[in-house]
Every structure is written in C-alpha cells, then in structure tokens.
Amino acid sequence: MGPWNYNRALEINPKSTYALMNRSNAKIVKGDIKAAIKDLNEAIIIRPHYAGAYLNRGLARFELEDYASALRDYDHDSLTFDPYQRSDNRGIVKHKLEDYEGRDTDYDMAIQLNPEMARVF
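These lines cover the structure that appears in this document, whether it is placed above or below. (Residues numbered from 1 in each chain as written. Predicted model: local features only at pLDDT ≥ 70, side-chain atom pairs only at ≥ 80, totals over all residues. Heavy atoms only, no water.)

**Comments concerning the overall build of the protein**
- Summing up its helical and strand segments, the protein has seven helices and zero strands in all.
- Written out in order from the N terminus, the α and β elements of the protein read α-α-α-α-α-α-α.
- For the C-alpha atoms alone, the extent of the protein along its principal axes is close to 45 × 25 × 25 Å.
- Looking at the protein residue by residue over its 121 residues, the buried ones come to 47%.
- Of the contacts formed within the protein by residues at least 6 apart in sequence, a portion of 39% connects residues at least 24 apart.
- Total accessible area computed for the protein in this model is approximately 7200 Å², and 51% of it derives from carbon and sulfur atoms.
- In the protein, the 17 positive side-chain charges and the 19 negative ones have mean positions that sit 8 Å from each other. (Helix = DSSP H or I, 4+ residues; strand = E, 2+ residues; numbered from the N terminus. Buried < 20%, exposed > 50% of the residue type's maximum accessible area, 1.4 Å probe, protein only. Contact = heavy atoms within 4.5 Å. Areas by Shrake-Rupley, 256 points an atom, 1.4 Å probe, with all protein chains shown as cover. Lys, Arg positive; Asp, Glu negative; His and termini not counted. Charge placed at Lys NZ, Arg CZ, Asp CG, Glu CD.)

Below, the structure is given as structure tokens:
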C-alpha cells in the first residue's frame, strides 16, 4: 500500500499513529527519509511512548547518517520492551561513531539477551 492510501486514512482519522507509522514505512521504501521522519515525529507527539515510532525513526536517522540522533531514539525508555533490539541497534550506531568500547558493551548485552544471535556478531 502506498503513502496515498495512508493519506486517505489520515484524512478520516488524523491521529492514527498506525497510519502515520505505515505511511512513514512507505516513504522510507521510496527513499523519502526526511518525510518519513516527519510522520514519525507526529506519531510520537500523538503517542509519546510509541516504541515502534522511536525504533523506525532511529533507523531512518541512521540512513541519513545522523548517528547521534539515532542513538537518542534507541535510548528512549519505550524501547525497553525489546532489550535485544535496543542493544543490537545501539551497537551498530556506536560502531559508526567509532565508539568501539561502547559497541562491544552493547553487542555483549545483545548476545546475553539472545545467545542464538552470537553468530551475527
């Protein structure tokens, strides 16, 4: 489904975080990362502890090489629901920031949380 269908959904319900999240995903696929971040910002304003929006915004900011902002999104308290994903993403960002000690700490935590993923690291 393209962004235009989510536009229609948002006309009907302008506070639909589901539609904002999915429209942002469609925009990311099309390469419109900055517009996707705007949708995610709006979703976060409507629902301040929406973990999926922080996770996706962190991924989008990572794509724009805005690593410090991506790390702030991954540090958000709402991401405690999935500590493995949080640690894994933080490790990736810290690698890009050349914080190798921090990267290793986050990867170690990710491996402790999900030992089957150790092969990835």
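**A few points about the nonpolar core**
- Formed by Tyr 6, Leu 10, Ala 19, Leu 20, Met 21, Leu 40, Ala 43, Ile 44, Tyr 50, Ala 53 and Tyr 54, the largest nonpolar core amounts to eleven residues.
- Listed by contribution, the elements that provide at least two residues to this core are helix 1 (3-12), helix 2 (17-30), helix 3 (33-46) and helix 4 (51-63).
- By size, the runner-up hydrophobic cluster in this structure holds seven residues, among which are Leu 55, Phe 62, Tyr 67 and Leu 71. (Core = buried A, V, L, I, M, F, W, Y, C linked by side-chain atoms within 4.5 Å.)

**Observations concerning the packing of aromatic side chains**
- Enumeration according to the criterion identifies one aromatic pair in this entry.
- Here the guanidinium or amino end of Arg 47 rests over the ring plane of Tyr 50, the centre of that ring lying 4.0 Å away. (Phe/Tyr/Trp six-rings, centres within 6.5 Å; stacked < 30°, edge-to-face > 60°. Lys NZ or Arg CZ within 6 Å of the ring centre and 35° of its normal.)

**Details of helix 6 (residues 83-96)**
- Spanning 14 residues, helix 6 covers 20 Å between terminal C-alpha atoms, matching the ideal 20 Å at 1.5 Å per step.
- Buried residues in helix 6 make contact with helix 4, helix 5 (67-74) and helix 7 (100-113).
- Count one or two residues on from helix 6 and you reach Glu 98, which has phi positive near 60°. (Expected span 1.5 Å × (residues − 1).)

**Regarding the environment of Ile 28**
- In this fold, Ile 28 is placed in helix 2.
- Take Ile 28: its relative accessible area is 27%, and that puts it in the partly exposed class.
- For Ile 28 and Asp 104, which are 76 residues apart along the polypeptide, the C-alpha to C-alpha distance reads 29 Å.
- Beyond its immediate stretch of four places on either side in the chain, Ile 28 contacts Ile 33, Ala 36 and Ala 60.

**Observations concerning the packing of helix 4 against helix 5**
- Remark: helix 4 packs on helix 5, axes separated minimally by 8 Å, with the N-to-C direction vectors making an angle of 165°. Relative to helix 5, helix 4 is oriented roughly antiparallel. The interaxial crossing formed by helix 4 with helix 5 has left-handed handedness. Taking contact as the criterion, the partners of Tyr 54, Leu 55, Arg 57, Gly 58, Leu 59, Arg 61 and Phe 62 in helix 4 are, on helix 5, Tyr 67, Ser 69, Ala 70, Asp 73 and Tyr 74. (Axes fitted to C-alpha atoms, helices over the stretch in contact; angles between N-to-C directions. Parallel < 35°, antiparallel > 145°, perpendicular 65-115°, else oblique. Left-handed = near helix turned anticlockwise from the far one by under 90°.)

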